[in-house]
Amino acid sequence: MFTLTHLSDIHLSPLPKVKRSQLLSKRLLGYVNWHNGRKFVHRRDILDLLTRDIAERHPDHIAVTGDLINLGLPEEYLRAADWLHHLGPPDRVTVIPGNHDAYVRLHPDTSTRHWHPYMMSNSAGEALFETPGAGFPFVRRLGDIGIIALSSAIPTAPFIAAGRLGQRQLAGLASALEAQGRAGLFRVVLIHHPPLPGQADWQRGLRDAKDLRDVLKTHGADLVLHGHNHRQSVQELDTENGRALIVGVPSASEAVDGRAPAARYNEYHIDRAGNGWRVEMVGRAAANIDQVWECERRVLRDR
Ligand SMILES: [Fe+2]
Ligand SMILES: [Fe+2]
């Protein structure tokens, strides 16, 4: 059995000291939002509680689906890299960016560069699908499990939290799904934005979600993991090769008694069953500031 852990929307706190010169354009609005509420929702002690719980359970692999930080400040990227090192080594953790990680235009020297070891293929994945120059999608193969990591993160205007994949990345996704399908792998797709209609409005949604669904329907996938909505949701999409599970997870740092659901992560126990797969999801959530409990256990697929 393979255990894959999924967490998302870390929104790492506290915010580092911000220089006046860094509060340009979109960041100013984000800064005001943070101090008017978000800092009470996303808490470092809650995140650390979940991080310790994950480490104690020794999953085979961990997927982090974006929004690691808040305003795209250089110091935030460094702090997030430090948190990633606590979560696990790069060969055990796969990371993709979210809209908050591309809050303003990314600068290669001060931004996600520090996360790169966590955002690249492994050699078995590269043998199936060669990572394009733009860096996404990249593929990791972990025995019978195939991971395809997408980036829907784009800099946007204030009040907009939308995402886009673009035609090249979608074409890459199609090839990667084909290659993993031929190898008989359990195919896991990671994306920050939710892919189904009605899951996010125009301002917050994935601009080319329909194109993404078309690729998934044509080439098949087993499990699509996303964040962005800060809510638990389990849905399905019919594909040529059966149903793909589409699962969103709440933020991993949300306060227990806030407006939002308590911080949570999901574990997937993936097993071969006959000609297919058995997938059990285990939800683990913060009960208070020093306790995590199993809030859900559910078989999502049996063959
Ligand atoms: Fe988020
Ligand atoms: Fe987001």
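Structure's up top.
Computed from a prediction, not measured in an experiment: that's the story for all the values here. (Residues numbered from 1 in each chain as written. Chains lettered and ligands numbered in written order. Predicted model: local features only at pLDDT ≥ 70, side-chain atom pairs only at ≥ 80, totals over all residues. Heavy atoms only, no water.)

### A look at the pairing of strand β2 (residues 61-65)
Then, in step 1: Counted residue by residue, β2 has 5 buried out of 5 residues, so it is predominantly covered.
Then, in step 2: Neither face of β2 is open: one carries His61, Ala63 and Thr65, the other Ile62 and Val64, and all of them are buried.
Then, in step 3: Summarising the sheet, strand β1 (residues 2-7) and β2 pair through 4 bridges and their orientation is parallel. Within β2, the residue paired with Leu7 across the bridge is Val64. (Buried < 20%, exposed > 50% of the residue type's maximum accessible area, 1.4 Å probe, protein only. Helix = DSSP H or I, 4+ residues; strand = E, 2+ residues; numbered from the N terminus. Pairing = 2+ DSSP bridges.)

### What to know about helix α2 (residues 44-57)
Then, in step 1: Along its 14 residues, α2 runs 20 Å from first to last C-alpha, staying within 8% of the 20 Å computed at 1.5 Å per residue.
Then, in step 2: The complete set of buried residues in α2 reads Ile46, Leu47, Leu49, Leu50, Thr51, Asp53 and Ile54. (Expected span 1.5 Å × (residues − 1).)

### With respect to the coordination of the iron ion (ligand 1)
Then, in step 1: Summarising the metal site, the iron ion (ligand 1) is bound by the protein donors Asp9 (OD), His11 (NE2), Asp67 (OD) and His230 (NE2), whose distances to it range over 2.0 to 2.3 Å.
Then, in step 2: The coordination sphere of the iron ion (ligand 1) comprises 4 donor atoms, whose angles at the metal cover 86 to 171°; the geometry is irregular.
Then, in step 3: Taken as an interatomic distance, the gap from the iron ion (ligand 1) to the iron ion (ligand 2) is 3.4 Å; Asp67 donates to each of them. Pair noted here: Asp9 is in the loop between β1 and α1 (25-41) and His230 is in the loop between β7 (223-226) and β8 (233-239), with a separation of 221 residues, a long-range link. (Donors = N, O, S within 2.8 Å, 3.2 Å for Na, K, Ca; no water. Tetrahedral: all angles 85-135°; square planar, octahedral: opposite > 155°, others 65-115°.)

### Thoughts on the nonpolar core
Then, in step 1: In terms of nonpolar packing, the biggest core is built from 51 residues, with Leu7, Val64, Leu68, Trp83, Trp115 and Tyr268 touching the most fellow members.
Then, in step 2: At 6 residues, helix α3 (residues 74-87) tops the list of elements feeding residues into this core.
Then, in step 3: The residues touching Trp83, leaving out its near neighbours within four places in the chain, are Leu7, Ile10, Leu12, Arg44, Leu47, Thr51, Val64 and Leu68.
Then, in step 4: Grouped together as the second largest cluster of nonpolar side chains are 23 residues, Leu173, Val189, Ala221 and Ala244 included. (Core = buried A, V, L, I, M, F, W, Y, C linked by side-chain atoms within 4.5 Å. Contact = heavy atoms within 4.5 Å.)

### Structural notes on the packing of helix α5 (residues 167-182) against helix α6 (residues 209-219)
A pair of packed helices can be characterised by two numbers: the angle between their axes and the separation between those axes.
Then, in step 1: As a packed pair, α5 and α6 sit with axes 10 Å apart at the nearest point and diverge in direction by 15°. Comparing their axes, α6 and α5 come out roughly parallel. α6 is crossed by α5, and the crossing has right-handed handedness. For the pair α5 and α6, contact is made by Gln167, Leu170, Leu173, Ala174, Leu177 and Glu178 and by Asp211, Leu212, Val215, Leu216 and His219, respectively.
Then, in step 2: When its residues are assigned to classes, the contact of α5 with α6 shows 7 nonpolar, 2 polar and 2 charged. (Axes fitted to C-alpha atoms, helices over the stretch in contact; angles between N-to-C directions. Parallel < 35°, antiparallel > 145°, perpendicular 65-115°, else oblique. Left-handed = near helix turned anticlockwise from the far one by under 90°. Nonpolar A, V, L, I, M, F, W, Y, C, P; charged D, E, K, R; others polar.)

### Considering the sheet that holds strand β9 (residues 242-248)
Then, in step 1: Reading across the sheet, the 6 strands line up as β4-β5-β6-β7-β9-β8 and stay open at both edges, with mixed pairing between neighbours. Because the sheet does not close on itself, it has two edges, and the strands there are β4 (138-142) and β8. Neighbour-to-neighbour, the strand axes of this sheet turn through a mean angle of 20°, independent of strand direction.
Then, in step 2: The sheet strands contacting α5 are β4, β5 (145-149) and β6 (186-190), and the helix crosses β5 at an angle near 175°.
Then, in step 3: Against the sheet, α6 makes contact with β6, β7 and β8, and its axis sits at roughly 60° relative to β8, the strand it touches most.

### Focus on the coordination of the iron ion (ligand 2)
Then, in step 1: Taken together, Asp67 (OD), Asn99 (OD1), His192 (NE2) and His228 (ND1) make up the protein donors of the iron ion (ligand 2), found 2.2 Å from the metal.
Then, in step 2: Geometry at the iron ion (ligand 2) is irregular, judged from the 4 donor atoms that bind it and their angles of 86 to 164° at the metal.
Then, in step 3: Considered as a linear motif, the donors of the iron ion (ligand 2) on their single chain read D-x31-N-x92-H-x35-H.
Then, in step 4: By relative accessible area, which is 2% here, Asp67 ends up buried.
Then, in step 5: Of the residues examined, His228 reaches a relative accessible area of 4% and is grouped as buried.

### Quick look at the side chain of Arg284
Then, in step 1: Following the sequence through the fold, Arg284 ends up in strand β11 (residues 276-288).
Then, in step 2: With relative accessibility at 10%, the residue Arg284 sits in the buried group.
Then, in step 3: Among the polar contacts listed, one links the side chain of Arg284 to the side chain of Asp53, at a separation of 2.7 Å.
Then, in step 4: Not counting residues within four places of it along the chain, the set of residues in contact with Arg284 comprises Asp53, Arg57, Ala263, Arg264, Tyr265, Val292, Trp293, Glu294 and Cys295. (Polar contact = N/O pair within 3.5 Å; in protein donor to acceptor, adjacent residues only side chain to side chain.)

### Examining the sheet that holds strand β3 (residues 93-96)
Then, in step 1: Taken in spatial order, the 6 strands line up as β3-β2-β1-β10-β11-β12 in an open sheet, and their pairing is mixed. Both outer strands of the open sheet, β3 and β12 (291-302), are each paired with one neighbouring strand and no more. Between one strand axis and the next, the sheet turns through 20° on average, direction left out of account.
Then, in step 2: Against the sheet, α2 touches β1, β2, β10 (264-273), β11 and β12, its axis set at about 140° to β11.

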